[in-house]
Amino acid sequence: MSAPEPDNQTHGPVIPDLSGAVPTSAEARAKRRIAVLEEELQTMRQERGTKQRKTTYYVAQGRAVRRMVVLYTGLEDLVAENDRRYEDGLVNGMVEDTTPEQDRLQRSYLALAQSLPWLHSKLAELDIDDSEDMLKKIKRGADAARGDDTSTLKDLIATWINQDFRPSPLLRSDDKQLRSFVHDICGKLLCPAEWDWSNDRVKAGIRERTSDYVVSENSWPLFVYKNYTFNSSDLEKGLFMSKILVQAFKAIFTSPSSAREADGDGDGANILENNRRARRSLNDQVKVKTCVASIINMRKVTPRSIAYVVCQVRFALSSILSWRTVDGDFDYEGFWNNIVDFFENVPGPVAQHRVAKLLEWWTRKIFGKSHRQDLTPEVVSRMSVTALAEQRKVLEDAAFDSE
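In this text, all values refer to a predicted model and were calculated from it rather than measured experimentally.

Let's shift gears to the overall build of the protein. Scanning the protein from terminus to terminus reveals 17 helices and two strands. A burial count over the protein gives 37% of its 403 residues as buried. Within the protein, contacts between residues at least 6 apart in sequence are counted, and of these 63% link residues at least 24 apart. Total accessible area on the protein stands at roughly 24700 Å², and carbon and sulfur atoms take up 51% of it.

Between its first and last C-alpha, helix 5 (residues 100–115) extends 22 Å over 16 residues, near the 22 Å set by a 1.5 Å rise per residue. Those residues of helix 5 that fall on the buried side of the exposure criterion are Arg104, Gln106, Ser108, Tyr109, Ala111 and Leu112.

Empty space within the largest pocket amounts to approximately 610 Å³. Taken together, 21 residues line the largest pocket, and the ones lying closest to its centre are Met68, Ala111, Gln114, Ser115 and Thr302. Of all the secondary structure elements, the ones that give two or more residues to the lining of the largest pocket are helix 2 (26–62), helix 5 and helix 13 (303–317). Looking at side-chain class alone, the lining of the largest pocket contains 11 nonpolar, five polar and five charged residues.

Quick look at the nonpolar core now. Among the nonpolar cores identified, the biggest contains 90 residues, and Ile138, Phe223, Phe240 and Trp362 are the most heavily contacted of them. When sequence neighbours within four positions are dropped, the list of residues in contact with Trp362 reads Phe240, Leu245, Val246, Phe249, Val301 and Ile306.

Time to look at the packing of aromatic side chains. Inspection of every chain in the model, using the stated rule, returns 20 aromatic pairs. Every member of this aromatic cluster is reached through a ring pair, and the members are Tyr72, Trp220, Phe240, Phe315, Trp323, Phe330, Tyr332, Phe335, Phe342 and Phe343. It is Lys176 that lies over the ring of Phe315; its NZ or CZ is 3.8 Å from the centre. Directly above the ring of Phe330 sits Arg314, whose terminal nitrogen or CZ lies 3.8 Å from the centroid.

Time to look at the environment of Gly89. Of note, Gly89 is situated in helix 4 (residues 75–92). For Gly89, a relative accessible area of 25% corresponds to the partly exposed category. In this structure Gly89 touches Met94 and Val95, once residues within four positions along its chain are discounted.

So, on to the packing of helix 7 (residues 128–165) against helix 10 (residues 243–253). Between two packed helices, the angle of one axis relative to the other and the distance separating the axes together describe the packing. Orientation of helix 7 relative to helix 10, taken along the N-to-C sense of each, is 140°, at an axis distance of 10 Å. By the angle class used here, helix 7 and helix 10 are oblique. When the axes of helix 7 and helix 10 are compared, the crossing they make is right-handed. Taking contact as the criterion, the partners of Asp149, Leu153, Leu156, Ile157, Trp160, Ile161 and Asp164 in helix 7 are, on helix 10, Lys243, Ile244, Gln247, Ala248, Ala251 and Ile252. Of the residues that constitute the contact of helix 7 with helix 10, the class distribution is nine nonpolar, one polar and three charged.

Now for the pattern of salt bridges. Taken as a whole and judged by the stated rule, the model has 23 salt bridges. The shortest N-O distance in the salt bridge between Arg172 and Asp174 comes to 3.2 Å. The network of salt bridges with common partners includes Glu81, Arg84, Arg85, Asp88 and Asp103.

Before going further, it helps to spend a moment on the side chain of Arg85. On the secondary structure map, Arg85 appears in helix 4. For Arg85, a relative accessible area of 16% corresponds to the buried category. Ignoring anything within four residues of it in the chain, the contact list for Arg85 reads Val95, Thr98, Gln102, Asp103 and Gln106.

This brings us to helix 15 (residues 349–367). Taking 1.5 Å of rise per residue, 19 residues should cover 27 Å, and helix 15 covers 26 Å from first to last C-alpha, within 8% of that figure. For helix 15, the full list of buried residues reads Ala351, Val355, Leu358, Leu359, Trp361, Trp362, Thr363, Lys365, Ile366 and Phe367. With its phi angle positive at about 85°, Gly368 sits one or two positions after the end of helix 15.

Before going further, it helps to spend a moment on a negative patch on the surface. Together, Glu76, Asp77, Asp127, Asp129, Asp130 and Glu132 make up a negatively charged patch on the protein surface. Elements supplying a minimum of two residues to the negative patch: helix 4 and helix 7. If one sorts the elements of the negative patch by residue count, helix 7 sits on top with three residues. Within the secondary structure, Asp77 is located in helix 4.

On the secondary structure map, Asp149 appears in helix 7. What makes Asp149 buried here is its relative accessible area of 5%. Only 2.6 Å separates the side chain of Asp149 from the side chain of Tyr308, close enough to count as a polar contact.

Cut-offs and rules
Residues numbered from 1 in each chain as written. Predicted model: local features only at pLDDT ≥ 70, side-chain atom pairs only at ≥ 80, totals over all residues. Heavy atoms only, no water. Helix = DSSP H or I, 4+ residues; strand = E, 2+ residues; numbered from the N terminus. Buried < 20%, exposed > 50% of the residue type's maximum accessible area, 1.4 Å probe, protein only. Contact = heavy atoms within 4.5 Å. Areas by Shrake-Rupley, 256 points an atom, 1.4 Å probe, with all protein chains shown as cover. Expected span 1.5 Å × (residues − 1). 1 Å grid on protein atoms, 1.4 Å probe; cavity = no way out; pocket = protein on both sides within 12 Å on 5 of 7 lines; lining within 4 Å. Points joined across faces, edges and corners; volume = space filled by probe spheres on them. Nonpolar A, V, L, I, M, F, W, Y, C, P; charged D, E, K, R; others polar. Core = buried A, V, L, I, M, F, W, Y, C linked by side-chain atoms within 4.5 Å. Phe/Tyr/Trp six-rings, centres within 6.5 Å; stacked < 30°, edge-to-face > 60°. Lys NZ or Arg CZ within 6 Å of the ring centre and 35° of its normal. Axes fitted to C-alpha atoms, helices over the stretch in contact; angles between N-to-C directions. Parallel < 35°, antiparallel > 145°, perpendicular 65-115°, else oblique. Left-handed = near helix turned anticlockwise from the far one by under 90°. Salt bridge = Lys/Arg side-chain N within 4 Å of Asp/Glu carboxyl O. Patch = residues over 30% accessible without salt bridge, like charges linked within 9 Å, V, L, I, M, F, W, Y side chains within 5 Å. Lys, Arg positive; Asp, Glu negative; His and termini not counted. Charge placed at Lys NZ, Arg CZ, Asp CG, Glu CD. Polar contact = N/O pair within 3.5 Å; in protein donor to acceptor, adjacent residues only side chain to side chain.

The values are spatial; any link to function lies outside them.
Dropping the structure here:
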């Protein structure tokens, strides 16, 4: 008896001659399409979430830039200058004939790398489009922080002047129109220190903007001097030591309430430690805001943070309503550069020592007399606990060798 013929219809699908496709049900195809679309949607959501987290991170990190690095210069210019110097070094072995502007840019890049330690390596990883996008987001955060500080000081400057000078009329915190040289106290504080604001001729010349009394970034305004007094025979005496600068610095970097302690000499407890402990002890009861200095890991006052505060105070005393580079004949960018150069571009070791003492005074005024940030591994290695541990180890080694 012969074997039965195989039944192709029961053992395999029918393959059409032309399409070559195996027949499937409409329901099965729809389910598979839905599954693919759901997977694509999930991927898109994950990518969008990752992108949003990166944006939030870059914007948050950028809030330190105007305060600690540069007030006006674009970050792209800093990166370009560092690249230029590195390439010149590769070709020529060293960088020669740099201008003061280029040196300032490079110091700014180093300050940027210190404030955002992750940025240098990140720039090397990303392609040009992603790098540009990242820098834009950092700039967004930087400008937002500057705007917040400007708004804060607009109100506080009026309060401080009213309390300390009792002017008539009092400054209004919500109105800048009657500030600047129109207001007698604001005019006195903004007046170039080399001129006497109490002299009616000086006052009139400044208000009428005559050629004999041009207010520009080339003069130190009186508000930067201690007790708002100026010694023409010692121009550096009391420079950048005024009460209003200390108040503004505290308001921006520690807290507006801490500005009430501007008259002290840093005798109080460490303000950063107090902030940390308050947030820990009241975590479940009251929300304690983390101060800016803690967020950006600031432990010492820096030249650029002082320059930032000086420009913010100058703007708060003025009558201009929106942030800009030039106010009449006064150039804020040039003013910021002059302040930074005073600290960073010193003529020699004598001036450098005075600058170091001034920065030490500032750090004590803002953060108190705690010096734990100075306990570097090198310093600790020279202290008695470490020295004793080393001696004990030497004695043990000597005893082992003698046996």
